[in-house]
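Coordinates in review
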Amino acid sequence: MPQQTDKKARPPRLARGQEHVVATVDQIPPGSRMIVPIGHYGVGVYNINGTFYAIANFCPHQGGPLCLGRLRGRTVPDDNVPGDAVMVRDLEYIYCPWHQWGFELATGTTAVKPEWSVRTYKVRVVGNNVLVQA
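About the criteria used
For every chain, the first residue of its written sequence is number 1, and the numbers climb from 1 along that sequence. Restriction of local features to residues with pLDDT of at least 70 applies here, the model being predicted, together with a cutoff of 80 or more for giving and counting side-chain atom pairs; totals for whole chains, interfaces and linings are based on all residues. Heavy atoms from the whole structure form the basis of all side-chain values; hydrogens and water molecules are not counted. Helix numbers and strand numbers start at the N terminus; a helix is a DSSP run of H or I with at least 4 residues, a strand a run of E with at least 2. To sort residues, take the accessible area from a 1.4 Å probe on protein chains only and compare it with the maximum for the residue type: under 20% means buried, over 50% means exposed, and anything in between is partly exposed. Contacts are assigned to residue pairs with any non-hydrogen atoms lying within 4.5 Å of each other. Here, Shrake-Rupley sampling with a 1.4 Å probe gives the accessible areas, and only protein chains in the shown set may cover a residue. Salt bridges are defined as contacts in which a side-chain nitrogen from Lys or Arg sits within 4 Å of a carboxyl oxygen from Asp or Glu. The criterion is simple. A nonpolar core is a set of buried Ala, Val, Leu, Ile, Met, Phe, Trp, Tyr and Cys residues joined through side-chain atoms within 4.5 Å. Two rings belonging to Phe, Tyr or Trp (six-membered ring only in the last case) form a pair when the distance between their centres is within 6.5 Å. Interplanar angles under 30 degrees mark stacking, angles over 60 mark edge-to-face geometry, and anything in between is tilted. Two limits define a charge over a ring: the Lys NZ or Arg CZ must be within 6 Å of the ring centre, and within 35 degrees of the ring normal.

1. Some remarks on the overall build of the protein chain
Across its full length, the protein chain carries zero helices and nine strands. Moving toward the C terminus, one meets the helices and strands of the protein chain in the order β-β-β-β-β-β-β-β-β. Looking at the 134 residues of the protein chain, the share that counts as buried comes to 34%. A separation of at least 24 residues holds for 45% of the contacts in the protein chain among residues at least 6 apart in sequence. A total of about 8300 Å² of accessible surface is found on the protein chain, and carbon and sulfur atoms cover 50% of it.

Printed below as a string of structure tokens:
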């Protein structure tokens, strides 16, 4: 008789080096994300104002689950406002929930340590399907 386990069944991992339909456009509304099982850590697929991005769910700082962090903009200096800083490019950066390292969704780069970028993936929409090139 097979042993029963309390562990949740994980979805099968999608093969790397291929393009996969990961969702429909309606499943990832603007301002939201879906983590899909590509690679070892998964990939976060984001809809930012109708533009889709995909980034690895792994922070290179200490291995945190990057895509469980908050989306927000980037703070830049501006001497003309109180506090000398403003937030720009709202929702275009993901911040690791462990130590708040921010990564640009489009490029995977970080201002904290630019040589530690995160892998991004090509995303395209065909009809109502969201496809990620793994």
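2. Quick look at the pattern of salt bridges
Note on pairing: side chains with opposite charge can pair once their charged atoms come close. Evaluated as defined, the whole model comprises one salt bridge. Where arginine 124 meets glutamate 19, a salt bridge forms, and the shortest distance between an N and an O atom there is 2.7 Å. In this pair, arginine 124 is assigned in strand β8 (residues 120-126) and glutamate 19 in strand β1 (residues 19-24), connecting sequence segments 105 residues apart. Under the relative-accessibility criterion, arginine 124 is labelled partly exposed at 37%. Judged by relative accessible area, which is 32%, glutamate 19 ranks as partly exposed.

3. Some words on the nonpolar core
Core analysis: the largest hydrophobic core is formed by 29 residues, its most contacted members being Val45 and Ile55. Taken together, the elements giving at least two residues each to this core come down to β1, β3 (43-48), β4 (51-56), β8 and β9 (129-133).

4. A few points about the packing of aromatic side chains
Overall, the coordinates contain two aromatic pairs when judged by the stated rule. Aromatic pair tyrosine 41 and phenylalanine 58: ring centres 4.5 Å apart, planes at 35 degrees, arrangement tilted. Residue tyrosine 41 is found in the loop between β2 (32-36) and β3, and its partner phenylalanine 58 is found in the loop between β4 and β5 (70-77); the two are separated by 17 residues along the sequence. By relative accessible area, phenylalanine 58 is classed as partly exposed at 28%. Above the plane of the ring of tyrosine 95 lies arginine 72, whose end atom (NZ or CZ) is 3.8 Å from the centre. The ring centre of tryptophan 116 lies 4.3 Å from the NZ or CZ of lysine 113, which sits over that ring.

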